[in-house]
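A look at the structure
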There are 2 protein chains.
Amino acid sequence: MAASHWMQALSVMTLAVLLCAARTNAQGQSQLNLMPAPAHVQLGNGSLRIDSSFAVALTGHTEARLDHAVQRFQRQLSLQTAIPFPAKAPPSSKSTLEIHTDHASKEVQEPGEDESYILKVTPDGATLTAATPLGVLHGLQTFLQLVEVSPEAFSVPAVTIEDSPRFPWRGLMIDVSRHFIPLDILKRNIDGMEAVKMNVFHWHLSENQGFRAESKKFPKLHGLGSDGLYYTQEEIRELIGYARDRGIRVVPEFDMPGHSTAWFVGHPELASGPGPYDIERKWGIFDPAMDPTNEKTYKFLDQLIEEMAKLFPDHYFHIGGDEVNGKQWDANPKIQEFKKSRGLKNNDALQAYFSQRVQKIVTKHGKAVIGWDEVFIPGVPKDIVIQSWRGQASLAQAAAQGYHGILSNGYYLDLGWSAARHYAVDPLGGAAANLTPEQQKLVLGGESCMWSEYVNPENIDSRIWPRNAAIAERLWSPQTVTDPASMYTRMNAIGARLEWLGLSHGRSYRLMLQRIAGLSSPEEFAALRTLADVVEPAKDYTREQTVSTEPTSATPLNRLVDAVPPESAAARAFSELVDKFIAGGCHEAEAEARLRAQLSVWRDNDAKLQPLAQRSFLVKEVAQNSQDLSALGTAGLATLDFIAKGGAAPDDWKAQQLAAIQQIQKQKAQLLLMPAPAVQKLIEAAATGGACSTAKP
Amino acid sequence: MAASHWMQALSVMTLAVLLCAARTNAQGQSQLNLMPAPAHVQLGNGSLRIDSSFAVALTGHTEARLDHAVQRFQRQLSLQTAIPFPAKAPPSSKSTLEIHTDHASKEVQEPGEDESYILKVTPDGATLTAATPLGVLHGLQTFLQLVEVSPEAFSVPAVTIEDSPRFPWRGLMIDVSRHFIPLDILKRNIDGMEAVKMNVFHWHLSENQGFRAESKKFPKLHGLGSDGLYYTQEEIRELIGYARDRGIRVVPEFDMPGHSTAWFVGHPELASGPGPYDIERKWGIFDPAMDPTNEKTYKFLDQLIEEMAKLFPDHYFHIGGDEVNGKQWDANPKIQEFKKSRGLKNNDALQAYFSQRVQKIVTKHGKAVIGWDEVFIPGVPKDIVIQSWRGQASLAQAAAQGYHGILSNGYYLDLGWSAARHYAVDPLGGAAANLTPEQQKLVLGGESCMWSEYVNPENIDSRIWPRNAAIAERLWSPQTVTDPASMYTRMNAIGARLEWLGLSHGRSYRLMLQRIAGLSSPEEFAALRTLADVVEPAKDYTREQTVSTEPTSATPLNRLVDAVPPESAAARAFSELVDKFIAGGCHEAEAEARLRAQLSVWRDNDAKLQPLAQRSFLVKEVAQNSQDLSALGTAGLATLDFIAKGGAAPDDWKAQQLAAIQQIQKQKAQLLLMPAPAVQKLIEAAATGGACSTAKP
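Residues numbered from 1 in each chain as written. Chains lettered and ligands numbered in written order. Predicted model: local features only at pLDDT ≥ 70, side-chain atom pairs only at ≥ 80, totals over all residues. Heavy atoms only, no water.

Quick notes on the interface of chain B and chain A
Each partner contributes to the interface: chain B provides 50 residues, whereas chain A provides 50 residues. Of the roughly 3500 Å² buried between chain B and chain A on both sides combined, carbon and sulfur atoms contribute 54%. Between chain B and chain A we count two salt bridges in total. Contributions of two or more residues to the side of chain B that touches chain A are made by α2 (64–81), α17 (484–498), α18 (505–517), α22 (589–615) and α23 (617–620) of chain B. (Contact = heavy atoms within 4.5 Å. Buried area = accessible area lost by both parts, 1.4 Å probe. Salt bridge = Lys/Arg side-chain N within 4 Å of Asp/Glu carboxyl O. Helix = DSSP H or I, 4+ residues; strand = E, 2+ residues; numbered from the N terminus.)

Below, the structure written as structure tokens:
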């Protein structure tokens, strides 16, 4: 496949300007909220009006997928404007948007196909031209993002966009095994992927905690390994068709030889240790692993992979391969003997042996292997793809030897990172930056990963969206598009629009707070909302370390940590305001007034939250966080008073305040109080005296 | 059928107290938010804890519907608590809720079947006993409404509830013809109906604007009469099964001889005037009507009704019958001759002739007729049911002659009335109050009606919910349950809970405001929200009278009038506060402070809204409403200043203010500014001087 991530000669220098400044004109019109940012944008004059006469015409290559795309486009346009477009336009009517498709794409979508498109909008009409239906799909999403309300009507600004992706592999992985995620929720996430031009859905179908795909050959796999929560083959085909319609490949993952306890509930004979096995209910890395020394294991896998290779049309088949702790292997004398007899020095070598055997089976059934870093073993065939949870160094190492890779390290959505932090991670950053241009072509892109220890059907959308849009932009847009401020503006816009597609990140937050408070009216639990808006779940894998009872798949995800978005917009806005205030020498009255208003709300919030804490155990759990927020408000206001007086704050006062902040910054109830660093910065500025002169950020 | 709406000896006197006071105790626990209020409630001590060990057992009569009900109950309980209950409880586990069903209900549900249940909850467990599955369904909903968050856990208070409905026919009609409403939206509304114990879904399937049911015998009916927007017979069967599972009958309506233009697109030979016909796109009463003098009309209807009578199992078949203007009949010499030859004095007599013929056809196919007032013709068979859009007098007249009726007058959801106004309408009020007890039994209940000129899939939920819960309570609960304050508290609670079922009344409001403003963050369009929260759509049928271009089915429903809830909670709260302030002699400092805070927000809001009006034509449309709101704020604050000074406001000032209020009270952009009457009251109080002494409400 030809990795098409080389930018053509693009005027990307002007892009950030166009995206973020040109449209914020005297009429107060919004900027172009395009995400991912296109490779090339040229603004024109005027705009194209959207009204009920809007009609679309397809020319050139036609296929059912294009008809579906136009129907979906019109439905979506209707959602955005509430204009009811007739189901069928009268044949005589002039088309507003003319789409020309040059030729078909591959029957089974492949990485590296031509996804480019050119969209031209003038006040008189629009044209969308693409080599293949894939480009058309992307161009239609761009058009939808251009629709805005104006002083006269709904309209699209005149613009010419030439666009193509930087990387051919732009994926989202969803772990449906630790918590089962129903098909309709996967579908709306695929709708979200289409909106941000992602093109690979990586379906993590098996784990210690569940085997989620129906196997007709081995019905005990899903029958005993899923609590009845699995996808039928019919549903799987339905999802694949749904994704294909949206230009998205579906790569199935069957993780082996570790992460496989759920397989062993029905098939203990595959395991390296004696059974019986139960579905794992806890989180972590567990001992059970397939027996790589037993020929029956390979016979079984041969039949299963044959079945699954037929079910999933994509050329790539993910065999997992991560995190085998080797304990079952070490404890099994037969396996130890096998290692010795074959000269396999350690468990890595044993796993390499297993991996090679499975890769041969996958190849035999017409597929190419993709797997986590661990599958990259000297001598494996060149057609494998390495998905790196370890980082760019692994990719660089593989690419140096001629192997393809995609990056997931840095894109783990479950770690609770900010969008900006994900956004700063580049598949060709770090060690990969030193690769030759030819080697860099081997880095196909990346995948964000939604591991599901702490997500369920209710809150999964809020963990994926809108942050996933920032990762999608990293994988699509020119490498030079890196401004976080522009990214946040556009991410919030697309985040709001995604709710038209049924994604529930906004809605579930409100409903979960309602449940936590046990009150029905948002006014009644406003104090909880104020607190919730400025806390974030603890980052990385620290959550398990701080709970008294070990979480399991039966643990209700109904706490504040489960409800709040991974990133606090309110805290970010406050932090920016503090920076602005300090940078301005701490005497800008308007910034000070806004800071005081915000800090006063926080100071007074705990008194309002206490009655809620008394009636609900779920609010009671965050009572300390609420007290901390009030303390932050009080400290911030005191600091502003010092600054207003003009003198430096005394050292002992500063020390006392900073000690308090230090306590406040510790996670409680698995939550972090996000405005704490900004208040600390304010205190430090005050302590320098004068107009914060030495404390500029 | 036996109308079972006679209350047993119920201690209803204590009911309002129990519902609204008993639970607001020292611990700040919420009241029992049950809606509809049960016939008899006896609170116990303590509460039953809900945790992951919760299990349900079915005893006595069993059937698939009960299994489904338990699964649905557990899903819903899981939504309310986020506790993941195992799909299958281990067989050994002790049940928390034991359900006993005495016997089956009728295969095809009938009005008047036993729907009673007894629910007993103690700290050790709960039992639900019912004669039939219908009672079990109702009892499970009551249990779900009892679940609350407590200082320790989720729990249900100890309570004994003996409950049965006052009326056997408690319906919701949805007009799917003027705007098509997709099946999934009907389903979630049926979920909502189940939650409030309604038991009839009246499916208004044909109209001038659309024929929405697939006919295999006459495929041109839906084929040419629906723009492709119709339900297949398979979908119809699916919905009927879905409703039956929830204890809800489905009554189809095929409106004739008027309201039938859409039939004539494919079958002009049925009409009384020459064709051809197009699907009607406008609203109102139109001329086309079936030809009642043509035997081919009855032959056609015989075949169609035969087909539909098989498709819809319910005993009742709705033939519409309303609003024939007679113009086509008058214009057709053949019809005039027919009238003369048969001695039919006027068009009413002609319609009566038609109605009798159709009723015979319906009866021939094993069904009983239900129709609007017009079908009540002297001498019709006693098994018909009259659905009255005219009022209780019609029902009383019919009942006096031994005919069954249900009330819809007073329950039209499209008129934009307050919940309290609907709530005050009693099927046995007005003229029906004078009926003998035996005659009153003939009044079977009522149906709320959602006519769909101005509702579409996006805003329909917000027009039905939560107000429909108030009507549901009127039809279920004892006649003595009438306190609006208690109703509003409980309606808001159930309204919030209904969102767990996917009903979108909360969500769509937010998204529609987002569209109107063209901005993605609620903070950015807060000023629009402030205005939107205090306006209501114009009441009754005044909307058409005030628009410059006649609305049609192609008119986008994207204006503020389409987005705001029919009833403003903020305006109601303000009005109550004004009443309280005046009643307290206008010198209660806390009430005054709250009034000032609210009035200041309104006064200052227009300046914030103006930038939004400059960027969006949909905001610009309500610029005058916004100025009016600011003027109200200014006037209210000036009034409070006068009152604070202690003297009476000068007459000329008062006159000037009241003249301004009069202008403000006029609808603009089809919206009413709801706080205006309360501000007027305040001005009038101030004008009396002193401590508002003569102005007590």
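A short note on helix α2 (residues 64–81) of chain A
All names here are of chain A. End to end, α2 covers 26 Å across 18 residues, agreeing with the expected 26 Å (1.5 Å per residue, within 8%). Taken together, the buried positions of α2 are occupied by R65, L66, A69, V70, R72, F73, Q74, Q76, L77, Q80 and T81. Positive backbone phi, at 65 degrees, marks A82, one or two positions downstream of α2. (Expected span 1.5 Å × (residues − 1). Buried < 20%, exposed > 50% of the residue type's maximum accessible area, 1.4 Å probe, protein only.)

Considerations on the side chain of B:T81
Secondary-structure assignment places B:T81 in helix α2. Take B:T81: its relative accessible area is 0%, and that puts it in the buried class. Apart from residues no more than four positions distant in its own chain, B:T81 is found in contact with A:R515, A:N558, B:V147 and B:F154.

A few points about the packing of aromatic side chains
Residue and element names in this part refer to chain A. Per the counting criterion, the structure on display carries 48 aromatic pairs over all chains. Seen from their ring centres, W169 and Y316 are 5.2 Å apart, and the 70 degrees between their planes marks the pair as edge-to-face. One end of the pair, W169, is in strand β8 (residues 169–175); the other, Y316, is in strand β13 (residues 316–318), and 147 residues separate them in sequence. Residue W169 shares its accessibility class with Y316, and that shared class is buried. (Phe/Tyr/Trp six-rings, centres within 6.5 Å; stacked < 30°, edge-to-face > 60°.)

Focus: the relation of the copies chain B and chain A
It takes a turn of 180 degrees to lay chain B on chain A, together with a shift of 0.0 Å along the axis; the resulting RMSD is 0.1 Å. Seen this way, the second copy is the image of the first under a two-fold rotation axis. Taking C-alpha positions as reference, the residue of chain B nearest the rotation axis is B:R507, located at 3.4 Å. Interface residue correspondence from chain B to chain A reaches 100%, placing this contact among same-surface, isologous pairings. (Least-squares fit on C-alpha atoms with pLDDT ≥ 70 in both.)

Quick notes on the pattern of salt bridges
Counted according to the given criterion, the structure contains 74 salt bridges over all chains. A:R166 serves as the salt-bridge partner of A:D426, at 2.8 Å between the closest nitrogen and oxygen. Taken as a pair, A:D426 in the loop between α13 (419–423) and α14 (437–440) and A:R166 in the loop between β7 (154–163) and β8 lie far apart in primary sequence, 260 residues in all. With relative accessibility at 10%, the residue A:D426 sits in the buried group. Ionic pairing is found between B:R178 and B:E453, a salt bridge with its closest N-O pair at 3.3 Å. Taken together, the residues span a long stretch of sequence, with B:R178 in the loop between β8 (169–175) and α4 (183–195) and B:E453 in the loop between β17 (443–450) and α15 (460–464) at a distance of 275 residues. Since its relative accessible area comes to 6%, B:R178 is described here as buried. Looking at B:E453, the relative accessible area reads 14%, which means it is buried. What you see here is one network of salt bridges that share partners, running through A:D175, A:R178, A:E207 and A:E453.

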